[in-house]
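Results of the structural survey
Next come the chains, spelled out residue by residue.
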Amino acid sequence: MCHDFLNDSRFYQFLLHIDQETAAEVQAGGCPCGGVLHSARYPRKPRGIREMRDASYQTRLSFCCAVEGCRRRCTPPSVRFLGRKVYLGVVVILITALEHGLTPKRRQRLIEILDLWPQTISRWRRWWREIFPASPCWQSWRGYFVPALAVTELPGALLGRLVGDELMARLCRLLRLLMPITTESWSGYPRGIGDPQKM
Ligand SMILES: [Zn+2]
């Protein structure tokens, strides 16, 4: 399996572009109180791709309501940052999905490329098998997959069911599918997400 795109800055720019479009959509929608949303990004220090030191990945796009007395925080969903996890979403998916199919040598190489703490892998595995299956996000999607996906096979089996000839395309679809779980201060779904097996 080819992971060249992990070292390709265009891949990260593409994800950034999706985040920017989503953020623009959220900002245009305004605050539930009717107020205007102003940019209020917050700093992030993502781990995961050593070569990737683009400044755009050091901040999470976020907004704050301009109305005095409201000031509601509104963080758009993201295909880059998986909630509060310190590693990029792409890393959390890939390493757990590929874990079983890799030879020890290739696994070690991936751990080095991704700047990974080995002990975090078991935590992620538990997240995929216990936390994620209980989320409203997965509860709303799982019915689309026939035959049903086994929770014990997440996220690899899920990645395998999404449309796309290349791993990168399927990965991007999965990152979009996960968007609702990446924020607690905005609910809804960005446009362009329908049946996950067709999108
Ligand atoms: Zn407001």
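Residues numbered from 1 in each chain as written. Predicted model: local features only at pLDDT ≥ 70, side-chain atom pairs only at ≥ 80, totals over all residues. Heavy atoms only, no water.

**Here's the deal with the pattern of salt bridges**
For side chains of opposite charge, pairing can occur when their charged atoms come near one another. Evaluation of the coordinates by the stated rule reveals four salt bridges. For the salt bridge of Glu 68 with Arg 71, the shortest nitrogen-to-oxygen distance reads 2.9 Å. When its relative accessible area of 42% is taken as the criterion, Arg 71 is described as partly exposed. Residue Arg 84 pairs with Glu 184 through a salt bridge whose shortest N-O separation is 3.8 Å. Within this pair, whereas Arg 84 is found in the loop between strand 5 (73–74) and helix 2 (89–98), its partner Glu 184 is found in the segment after helix 7 (167–177), the two being separated by 100 residues in sequence. We classify Glu 184 as exposed; its relative accessible area is 72%. (Salt bridge = Lys/Arg side-chain N within 4 Å of Asp/Glu carboxyl O. Buried < 20%, exposed > 50% of the residue type's maximum accessible area, 1.4 Å probe, protein only. Helix = DSSP H or I, 4+ residues; strand = E, 2+ residues; numbered from the N terminus.)

**Considering the sheet that holds strand 5**
An order of 1-4-5 is seen for the three strands of this open sheet, with the pairing classed as antiparallel. Lying at the two open borders of the sheet, with one neighbouring strand each, are strand 1 (37–39) and strand 5. Sheet topology places strand 1 next to strand 4 (residues 63–65); three bridges connect them, and they run antiparallel. Its bridge partner lying in strand 4, Leu 37 is registered against Cys 65. The strands touched by helix 1 (residues 9–29) within the sheet are strand 1, strand 4 and strand 5, with strand 1 carrying the most contacts at an inclination of about 145°. (Pairing = 2+ DSSP bridges. Contact = heavy atoms within 4.5 Å. Axes fitted to C-alpha atoms, helices over the stretch in contact; angles between N-to-C directions.)

**Observations regarding the nonpolar core**
With 49 residues, the main nonpolar core has Val 90, Phe 132 and Leu 158 as its most contacted residues. Elements supplying a minimum of two residues to this core: helix 1, helix 2, helix 3 (104–113), helix 4 (119–131), helix 5 (136–141), helix 6 (156–161) and helix 7. Not counting the four nearest positions on each side in its chain, Phe 132 is found in contact with Trp 127, Cys 137, Trp 138, Leu 154, Leu 158, Leu 178 and Ile 181. Residues Ala 23, Leu 37, Leu 61 and Cys 65 belong to the second largest nonpolar core, which totals eight residues. (Core = buried A, V, L, I, M, F, W, Y, C linked by side-chain atoms within 4.5 Å.)

**Some points on the packing of helix 2 against helix 7**
To characterise two packed helices, one gives the angle between the axes of the helices and the distance between these axes. Running from N to C, helix 2 and helix 7 point in directions that differ by 120°, and their axes come no closer than 10 Å. The chirality of how helix 2 crosses helix 7 is right-handed. Between helix 2, through Gly 89, Val 90, Ile 93 and Leu 94, and helix 7, the contact on the second element is made entirely by Leu 167, Leu 171, Leu 174 and Leu 175. Each residue belonging to the contact of helix 2 with helix 7 can be placed in one class, and the counts come to seven nonpolar, one polar and no charged. (Left-handed = near helix turned anticlockwise from the far one by under 90°. Nonpolar A, V, L, I, M, F, W, Y, C, P; charged D, E, K, R; others polar.)

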